[in-house]
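In case you want the letters, here they are:
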Amino acid sequence: MNTVQIVLIIVLAVVVAALIFFIIKSMVIPKRVDAIPHLLRQNKSQNAIKLAKQIISKDSKNYLAHYYLGKAYIQENKSELAIIEYKMVDENALFGTELNETEFRKEYSALLLKHKHQNEALKNFLLLTKLEPRNAENYFNVGLIYENNNRYDLALGFMQKAAFLNNKHARAHAEIGMMLYRTKQYADAKKEIDTAIKLSPETYSSYYYLGKILKDAKDIAGALKAFEKAQRDSDLKQKAIIEHGACYLSANRIDSAIVDFIRAIEVDKNDVNQETLYARYFLASSYEKTRKIDKAIEQWDLIYKRNKNFRDVTAKLTEYKDLQSNDFLKDYLTCNNEKFIEICKNTVIKALQLQVLSCDEKKWGCQITAVDKKDDSWMAVRKQVYFIQFYREPNPVEDEHIRKSLDEMKTLNSVKGYLFSSSGFTHTSKRFAENRPIELLEKDKLEKYLSIAGRK
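Residues numbered from 1 in each chain as written. Predicted model: local features only at pLDDT ≥ 70, side-chain atom pairs only at ≥ 80, totals over all residues. Heavy atoms only, no water.

Enquirer: What is the right way to look at the overall build of the chain in this model?
Expert: The secondary structure content of the chain amounts to 22 helices and 5 strands. Computed over the C-alpha atoms, the radius of gyration of the chain is 36 Å, more than 25% above the 23 Å expected from 2.2 N^0.38 for a compact globule of 456 residues. Pairs at least 24 residues apart make up 49% of the contacts formed inside the chain by residues separated by at least 6 positions. About 25,500 Å² of surface is accessible on the chain, with carbon and sulfur atoms providing 51% of the total. The averaged location of the 60 negative side-chain charges in the chain is 2 Å from the averaged location of its 73 positive side-chain charges. (Helix = DSSP H or I, 4+ residues; strand = E, 2+ residues; numbered from the N terminus. Rg over C-alpha atoms; globule rule 2.2 N^0.38 Å. Contact = heavy atoms within 4.5 Å. Areas by Shrake-Rupley, 256 points an atom, 1.4 Å probe, with all protein chains shown as cover. Lys, Arg positive; Asp, Glu negative; His and termini not counted. Charge placed at Lys NZ, Arg CZ, Asp CG, Glu CD.)

Spelled out as structure tokens, the structure:
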């Protein structure tokens, strides 16, 4: 046998061996992939993971192995890892008999939603609307994602399509109602919410939306009932309690509001929810209204530690920082009504050097009429009346109060008015008071006069 023949035989042997290898590989590997779902059905997820990884180590683009590895991770409650494997499937799969695209995209989009990968989930749900054009749930999920991204123009169309395909889709009707509510189409919004509740009375999230509509319509009693039912929805429980408390706050039932806001804070055991900041803020407002300023400051401090830019918390802490060093101002803001009246009278007598004629308690503070102190000399003439108001409301005094004060001054023939406010006056109030016989005294002047009266 010559050299050429030997070489030919060797080459032929290599080719045959390679063919045998690839034939065996094509027969064995699929069988090994097919073994993974069998392991998963037996809840042997660890064995399934091991086998899938072995296959992937030899064939990194084997989309079936990646798919089953993802399912194994789901069994192990490691859905974050499952997303990575499903992403590989999405990039490499040839969908067909071995792997159904519709079923895969349903599983993948659910995983993406769970971990708040909104944009990727949206792509998959949009594909599902093409794969299953009669499935209302796909349109609902697309609408929900657009709604969460504040794309209400697109969200409403997809929600309406979902409701059209399945007119008994309670959540679609509820979401349509909420979007109509946002655009102030209250009658149509309530109609959709009522439909949602009729279709599914135990879908408690619908009552939350109903409560929002009734609250804006000033139907506080109806809103309270709706928010009570909404608290049965675990996802909306904290929001519903806060809204329930806000209803009490708007009705000036402060003690009931405080109970609700404390409950809402306690729902968040780890103090991490954004809604907890709102609960603390409204609780602080309630304390402020009831003159419990120390407790209000405590809540503002807690909010400030988490978010320095939350609403007007920084301004509130700045406004009340003087309480630590000025006992006179602290008493003015925190004392009961009886003592407050005495403080105001004392300020008029000692700091303004006037004699009190009348003193009336008001919901916003105290109103006093006064004259110059008695002069028994023969030159004493008819005394001039002064009009004094003390405000201790948490908000700046609006111009409408200034207008009413001027009208009262005319009725009393008062020559001058003094209006004190611990929270200041609005810009329009200051402009209106210009060139009129009324002096607006903000917190710094109030502190000064309180201090004078307190030291005398």
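What follows picks up the thread again.
Enquirer: Looking at this structure, how should I read the packing of helix 9 (residues 170-182) against helix 11 (residues 205-216)?
Expert: For any two helices packed against each other, the geometry comes down to the angle between their axes and how far apart the axes lie. Relative orientation of the contacting elements helix 9 and helix 11 amounts to 25°, with a least axis distance of 9 Å. Taken together, helix 9 and helix 11 sit at an angle that is classed as roughly parallel. The element helix 9 and its partner helix 11 pack so that their crossing is left-handed. Residues Ala-174, Glu-175, Met-178 and Tyr-181 of helix 9 form the contact with helix 11, whose own contacting residues are Ser-206, Tyr-209, Lys-212, Ile-213 and Asp-216. In the contact of helix 9 with helix 11, the residues fall into 5 nonpolar, 1 polar and 3 charged. (Axes fitted to C-alpha atoms, helices over the stretch in contact; angles between N-to-C directions. Parallel < 35°, antiparallel > 145°, perpendicular 65-115°, else oblique. Left-handed = near helix turned anticlockwise from the far one by under 90°. Nonpolar A, V, L, I, M, F, W, Y, C, P; charged D, E, K, R; others polar.)

Enquirer: In this structure, what is going on with the pattern of salt bridges? I would like to understand it.
Expert: Proximity of charged atoms lets side chains of opposite charge pair with each other. Tallied over the full model, the rule gives 21 salt bridges. Taking the shortest distance from any N to any O, the salt bridge between Asp-271 and Arg-280 comes out at 3.8 Å. Linking Glu-288 and Lys-316 is a salt bridge whose minimum nitrogen-to-oxygen distance equals 3.1 Å. You can see Glu-288 sitting in helix 15 (residues 274-289) and its partner Lys-316 sitting in helix 17 (residues 313-320), a full 28 residues away along the chain. The pair formed by Glu-288 and Lys-316 is uniform in burial state, with each residue classed as buried. Through salt bridges with shared partners, a single ionic network connects Asp-90, Glu-101 and Arg-105. (Salt bridge = Lys/Arg side-chain N within 4 Å of Asp/Glu carboxyl O. Buried < 20%, exposed > 50% of the residue type's maximum accessible area, 1.4 Å probe, protein only.)

Enquirer: What should I look at first to understand the sheet that holds strand 1 (residues 354-362) in this one?
Expert: If you trace the 5 strands from one edge of the open sheet to the other, you get 1-2-3-4-5, paired in mixed fashion. The open sheet has two free edges, formed respectively by strand 1 and strand 5 (438-441), since each of these has just one partner strand. Mean inter-strand twist for the sheet, computed between neighbouring axes without regard to direction, equals 15°. Here strand 3 (residues 385-391) runs beside strand 4 (residues 414-421); their pairing, made up of 7 bridges, is parallel. Within strand 4, the residue paired with Tyr-386 across the bridge is Lys-416. In the packing of helix 19 (residues 337-350) onto the sheet, contacts are made with strand 1, strand 2 (365-372) and strand 3, and the angle to strand 1 comes to roughly 155°. (Pairing = 2+ DSSP bridges.)

Enquirer: I tried to follow the nonpolar core on my own but got confused; where do I start?
Expert: Soluble globular proteins tend to pack their nonpolar side chains together in the buried interior. Judged by nonpolar contacts, the single largest core of 123 residues is most densely connected at Trp-300, Tyr-332, Ile-388, Phe-390 and Phe-420. Per-element accounting of this core gives the leading share, 8 residues, to helix 3 (residues 63-75). Not counting residues up to four positions away in its chain, the partners in contact with Tyr-332 are Phe-340, Ile-343, Cys-344, Phe-390, Tyr-391, Arg-392, Phe-420, Ser-422, Leu-446 and Leu-450. Among the nonpolar cores identified, the runner-up in size contains 12 residues, and Ile-402, Met-409, Phe-425 and Ala-433 belong to it. (Core = buried A, V, L, I, M, F, W, Y, C linked by side-chain atoms within 4.5 Å.)

Enquirer: Can you help me understand unusual backbone geometry in this one?
Expert: Most of the time, phi is negative for any residue but glycine, and the peptide bond is trans. The backbone of Lys-184 sits at a positive phi, close to 65°, despite the residue not being glycine. Here Lys-184 shows up in the loop between helix 9 and helix 10 (186-199). Positive phi, close to 55°, is recorded for Asp-271, a residue that is not glycine. Locating Asp-271 in the fold gives a position in the loop between helix 14 (254-267) and helix 15.

Enquirer: Quick question: what am I supposed to make of the environment of Leu-99 here?
Expert: Looking at where Leu-99 falls in the secondary structure, it is placed in the loop between helix 4 (79-92) and helix 5 (101-114). On the basis of relative accessible area, Leu-99 is assigned to the buried category, the value being 4%. Residues Leu-99 and Asn-77 lie 22 residues apart in sequence; the distance between their C-alpha atoms is 23 Å. Dropping the residues within four chain positions of it, Leu-99 is found in contact with Tyr-63, Leu-64, Tyr-67, Val-89, Ala-93 and Phe-104.

Enquirer: Honestly, the side chain of Ser-414 in this entry has me stumped. Any pointers?
Expert: Here Ser-414 shows up in strand 4. Here Val-385 takes part through its backbone oxygen, which lies 2.9 Å from a polar atom of the side chain of Ser-414. Those residues within four positions of Ser-414 in sequence are excluded, and the remaining contacts are Val-385, Tyr-386, Phe-387 and Met-409. (Polar contact = N/O pair within 3.5 Å; in protein donor to acceptor, adjacent residues only side chain to side chain.)

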